[in-house]
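Take a look at the letters that make up each chain.
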Amino acid sequence: LENPNPDIREFAAQSLGAMKSTAAVEKLILLINDSNYRVSRQAVQSLAVIGDQRAEAPLIEMLNKPIIPGLRNAIISALADFQSEVVWDLLVENFGDPAWYNKVAALNSMYRTNHEQSILYFTQALEDENPLVRRETVNLILQHKIIETKEALKKVLNDEDFETRFYAEQALKIFEKM
């Protein structure tokens, strides 16, 4: 983990995650601040796989720092596994992010928390002004088979964006067979 070669540090972080090594949590927490993005991202992903609550606070703290979007999304995704109200509040906050990819990452993580309000955010995202948010929301609905959004999806059939309409049609066809 301290090797000067970032490829080796990344591989070590990945291996520790695959082994679900709780003994390595503290070292992985230190690696989330690595100078190499890939190493940091892998440390975050490994912490999520291990699922040790000691990682929750340092991951939340990282969100308050200026970090690149890919790492931010990895942290948001990892936090979904720590199903606390603090994490839910952070996901709601990140859902309000103006960057479409952060909003969609938060939405995907919201679904994974099984929080009772996550469906409301999917419905809200289907009405977002950004067509990329609407399109990716429909894709997430399709991916996770969120049949509870069926009525909201019907409204999307009139969306100005062709791809959004297309994916909504596909989702509704699949939901009719369920």
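Remember, predicted model here, so these are calculated numbers, not experimental data.

Some words on the overall build of the protein
A tally of helices and strands in the protein yields 11 helices and zero strands. Order of helices (α) and strands (β) in the protein, N terminus to C terminus: α-α-α-α-α-α-α-α-α-α-α. In terms of its C-alpha atoms, the protein occupies a principal-axis envelope of roughly 55 × 25 × 25 Å. Split into buried and exposed, the 178 residues of the protein put 47% on the buried side. Long-range contacts, defined as pairs at least 24 residues apart, comprise 60% of the intrachain contacts of the protein with a sequence gap of at least 6.

Let's talk about the packing of helix α7 (residues 100–113) against helix α8 (residues 118–125)
Packing of α7 against α8 brings their axes to within 9 Å, and their N-to-C directions diverge by 155°. Relative to α8, the element α7 lies roughly antiparallel. Regarding α7 and α8, the two cross each other, and that crossing is left-handed. Together, Leu107, Met110 and Tyr111 of α7 and Ser118, Tyr121, Phe122 and Ala125 of α8 make up the contact between the two elements. In terms of residue class, the contact of α7 with α8 is made up of six nonpolar, one polar and no charged.

Quick look at helix α3 (residues 37–50)
For the α-helix, the turn length of 3.6 residues means that residues three or four positions removed from each other point alike. An ideal rise of 1.5 Å per residue puts 20 Å on 14 residues; α3 measures up with 20 Å between its terminal C-alpha atoms. The set of residues buried in α3 consists of Val39, Ser40, Gln42, Ala43, Val44, Ser46, Leu47, Ala48 and Ile50. Against α1 (6–18), α2 (25–31), α4 (56–63) and α5 (69–79) lie the buried residues of α3. Looking at where α3 begins, the residue whose side-chain oxygen comes 2.9 Å from the main-chain nitrogen of Arg38 is Asn36. One or two residues past the end of α3 sits Gly51, with phi positive at roughly 75°.

Some words on a nonpolar patch on the surface
Judged by side-chain polarity, Ile147, Ile174 and Met178 come together as a nonpolar surface patch covering roughly 260 Å² of accessible area. Inspection of the secondary structure puts Ile147 in the loop between α9 (131–144) and α10 (150–156).

Rules behind the numbers
- Residues numbered from 1 in each chain as written.
- Predicted model: local features only at pLDDT ≥ 70, side-chain atom pairs only at ≥ 80, totals over all residues.
- Heavy atoms only, no water.
- Helix = DSSP H or I, 4+ residues; strand = E, 2+ residues; numbered from the N terminus.
- Buried < 20%, exposed > 50% of the residue type's maximum accessible area, 1.4 Å probe, protein only.
- Contact = heavy atoms within 4.5 Å.
- Axes fitted to C-alpha atoms, helices over the stretch in contact; angles between N-to-C directions.
- Parallel < 35°, antiparallel > 145°, perpendicular 65-115°, else oblique.
- Left-handed = near helix turned anticlockwise from the far one by under 90°.
- Nonpolar A, V, L, I, M, F, W, Y, C, P; charged D, E, K, R; others polar.
- Expected span 1.5 Å × (residues − 1).
- Polar contact = N/O pair within 3.5 Å; in protein donor to acceptor, adjacent residues only side chain to side chain.
- Patch = residues over 30% accessible without salt bridge, like charges linked within 9 Å, V, L, I, M, F, W, Y side chains within 5 Å.
- Areas by Shrake-Rupley, 256 points an atom, 1.4 Å probe, with all protein chains shown as cover.
- Salt bridge = Lys/Arg side-chain N within 4 Å of Asp/Glu carboxyl O.

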